[in-house]
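Fold and geometry: a report
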Amino acid sequence: MSDIVPCAFSDMPPAQPVRQRLSRGASYGFSGHQSDLRACAAAIRKGSKSFHLASMMLPRETRQAAQALYAFCRHADDLIDDARASPKALNQLQGRLDLIYRGTPASYSCDRAFARTVAEFSIPKAIPQALLDGFAMDIANRRYRTIADVKDYATCVASTVGLMMSLVMRTGETHALARAADLGIAMQLTNIARDVGEDARNGRLYLPQDWLEAAGVDPQDFLDEPCFSPALGDVIRRLLQEADRHYRLGHAGIGALPPACRPAIRTAALVYEAIGSAIAANGYDSVSLRAHTSFAGKLALMMRSRAANVSKPEESAALLAAAPDPAATDLVAAAAIAFAAKSSKACTGRTDPGRFLTIMMRLQSSTKDEWRSRRLAAREKAASLV
């Protein structure tokens, strides 16, 4: 169910662990590593026009970090989406994730860039680990009995990205994180609704089986011979209604993001909501038809994203305060704890006047030494001309 090609491969291993490089003065964690970032950005630009369009609206440092984490996640997703994927592929990804959290990533541009993002923003390992847990469900060709089961999967493969994005945007309050998880669930439910036919032809089924049975659709018969029916359309309609509920929650959380980041996230949400509208316009037939949005339509949504929140203030406040979806509760808590710990350390660092004075004194000393060297060189040159 991917929309992006793998990130570029590089056979140049990092000269030293990422955390060590960061501690030696890289101001943001990317200094000297622009080639990795360019590789991630190029892969996204080629393979995911929607995300690329939205990411270009982010501030530069946030955009770089977002592209790094997105490139790794979608590269991993593409490996698992391959029809030949096996537990061996998942084991390799697990090994790569372990290396990333040791600060010694494997020789992939997306791994190295993601490792720097993880270190800079204190992303807890539990979040990308949950992403791999979702991939394990795909490899096992798991079926989903209820909508709650589907949301468990959606949380793993999509809310994880939303939570990491929230941390990258330096937003980690529990309610804001819960809404980021909701937006991930909404987008993944939309993906599932859009790809029903494609997934079925690949032997995969993500629709709730109890909904299918209640509508008179036998899950195995549908997989054996994927074809659209009004009964199936009703199931897809129900799924999009559930997605809409999570979009409303997600939109309420966008106001908690830094103002410069809100248009990008709102654009992504609106683009995916438009996919749901296109599915509805197709009569909920996503077996013989594939819904999409035009580039012009995406641009129009990008302009609309600069407007105020789509909900009324009192409604937004109530939605923002809602508890996390049960499927995302543990991951939201892990992200909130990591954010609070990092904020505490950052606050301590910012209020250390002794360290600031030490840096200023060193800069002043270096400046004096440089001027002495220049004057000495000028005198020596003048003497040689006499």
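For the protein chain, the helix and strand inventory stands at 18 helices and zero strands. Buried residues in the protein chain amount to 50% of all 386 residues. As displayed, the protein chain has an accessible area near 18200 Å², and 57% of this comes from carbon and sulfur atoms.

This part is about the side chain of Asp182. Tracing the backbone through its elements, the reader meets Asp182 in helix H9 (residues 174-194). Classification of Asp182 by relative accessible area gives buried; the value is 1%. Discounting residues that sit within four places of it in the chain, Asp182 has contacts with His246, Leu249, Gly250 and Asp325.

All right, on to the nonpolar core then. Membership of the largest hydrophobic core comes to 92 residues, with the highest contact counts inside it found for Phe135 and Leu207. Per element, the largest residue contribution to this core is 13 residues, and it comes from helix H8 (residues 147-168).

Along the chain, the position of Arg45 falls in helix H2 (residues 34-47). Sequence separation of Arg45 and Ser55 is ten residues, and the distance between their C-alpha atoms is 9.9 Å.

Enumeration over the complete set of coordinates arrives at 14 salt bridges. Between Asp77 and Arg74 there is a salt bridge; the shortest N-O distance is 3.5 Å. Taken together, the residues span about one helical turn, with Asp77 and Arg74 both in helix H4 (residues 60-81) at a distance of three residues. We classify Arg74 as buried; its relative accessible area is 12%.

This part covers the packing of H4 against helix H6 (residues 109-121). Taken N-terminus to C-terminus, the directions of H4 and H6 make an angle of 125°; their axes are 8 Å apart at the nearest point. Considering the angle they form, H4 stands oblique to H6. The crossing of H4 and H6 is left-handed. When H4 is examined against H6, the residues Ala65, Ala68, Leu69, Ala71, Phe72 and His75 are found in contact with a partner set consisting of Cys110, Asp111, Ala113, Phe114, Thr117 and Phe121. For the contact of H4 with H6, the residue count by class is nine nonpolar, two polar and one charged.

So, about the confidence of the model for the protein chain. The pLDDT averaged across the protein chain works out to 82; a share of 75% of its residues lies at or above 70. A low-confidence stretch, residues 1-32 (pLDDT under 50), is modelled with 87 contacts involving residues beyond four sequence positions or located in other chains. Contacts of residues 347-371 to residues separated by more than four positions or lying in other chains number zero contacts, the stretch itself having pLDDT below 50.

Moving on, we come to unusual backbone geometry. The residue Asn141 is not glycine, and still its phi comes out positive at about 55°. Residue position: Asn141 is located in the loop between helix H7 (126-139) and H8. Here the phi dihedral of Arg170 falls at roughly 60°; this positive angle occurs in a residue that is not glycine. Along the chain, the position of Arg170 falls in the loop between H8 and H9.

Structurally, Leu319 can be placed in helix H16 (residues 313-320). Distance in space between the C-alpha atoms of Leu319 and Leu249 is 5.5 Å, their sequence separation being 70 residues.

Turning next to a negative patch on the surface. Among the surface-exposed residues, Asp218, Asp221, Asp224 and Glu225 lie close enough to one another that they form a single negatively charged patch. Structurally, Glu225 is set in the loop between helix H12 (219-224) and helix H13 (230-254). Exposure remark for Glu225: the relative accessible area of 59% places this residue in the exposed category.

Under the definition given, this model contains four aromatic pairs. When the centroid spacing of 4.7 Å and the interplanar angle of 10° are considered together, the rings of Phe72 and Phe114 count as stacked. Taken as a pair, Phe72 in helix H4 and Phe114 in helix H6 lie far apart in primary sequence, 42 residues in all. The buried category is assigned to Phe114, whose relative accessible area is 0%. Between Tyr144 and Tyr153 the ring centres are 5.5 Å apart and the planes differ by 45°, which places this aromatic pair in the tilted class. Each member of the pair, Tyr144 together with Tyr153, is buried. Between Arg96 and the ring centre of Tyr108, over which it is positioned, the NZ or CZ distance is 3.9 Å.

Reading the values: rules and limits
Residues numbered from 1 in each chain as written. Predicted model: local features only at pLDDT ≥ 70, side-chain atom pairs only at ≥ 80, totals over all residues. Heavy atoms only, no water. Helix = DSSP H or I, 4+ residues; strand = E, 2+ residues; numbered from the N terminus. Buried < 20%, exposed > 50% of the residue type's maximum accessible area, 1.4 Å probe, protein only. Areas by Shrake-Rupley, 256 points an atom, 1.4 Å probe, with all protein chains shown as cover. Contact = heavy atoms within 4.5 Å. Core = buried A, V, L, I, M, F, W, Y, C linked by side-chain atoms within 4.5 Å. Salt bridge = Lys/Arg side-chain N within 4 Å of Asp/Glu carboxyl O. Axes fitted to C-alpha atoms, helices over the stretch in contact; angles between N-to-C directions. Parallel < 35°, antiparallel > 145°, perpendicular 65-115°, else oblique. Left-handed = near helix turned anticlockwise from the far one by under 90°. Nonpolar A, V, L, I, M, F, W, Y, C, P; charged D, E, K, R; others polar. pLDDT = per-residue confidence, 0-100. Patch = residues over 30% accessible without salt bridge, like charges linked within 9 Å, V, L, I, M, F, W, Y side chains within 5 Å. Lys, Arg positive; Asp, Glu negative; His and termini not counted. Charge placed at Lys NZ, Arg CZ, Asp CG, Glu CD. Phe/Tyr/Trp six-rings, centres within 6.5 Å; stacked < 30°, edge-to-face > 60°. Lys NZ or Arg CZ within 6 Å of the ring centre and 35° of its normal.

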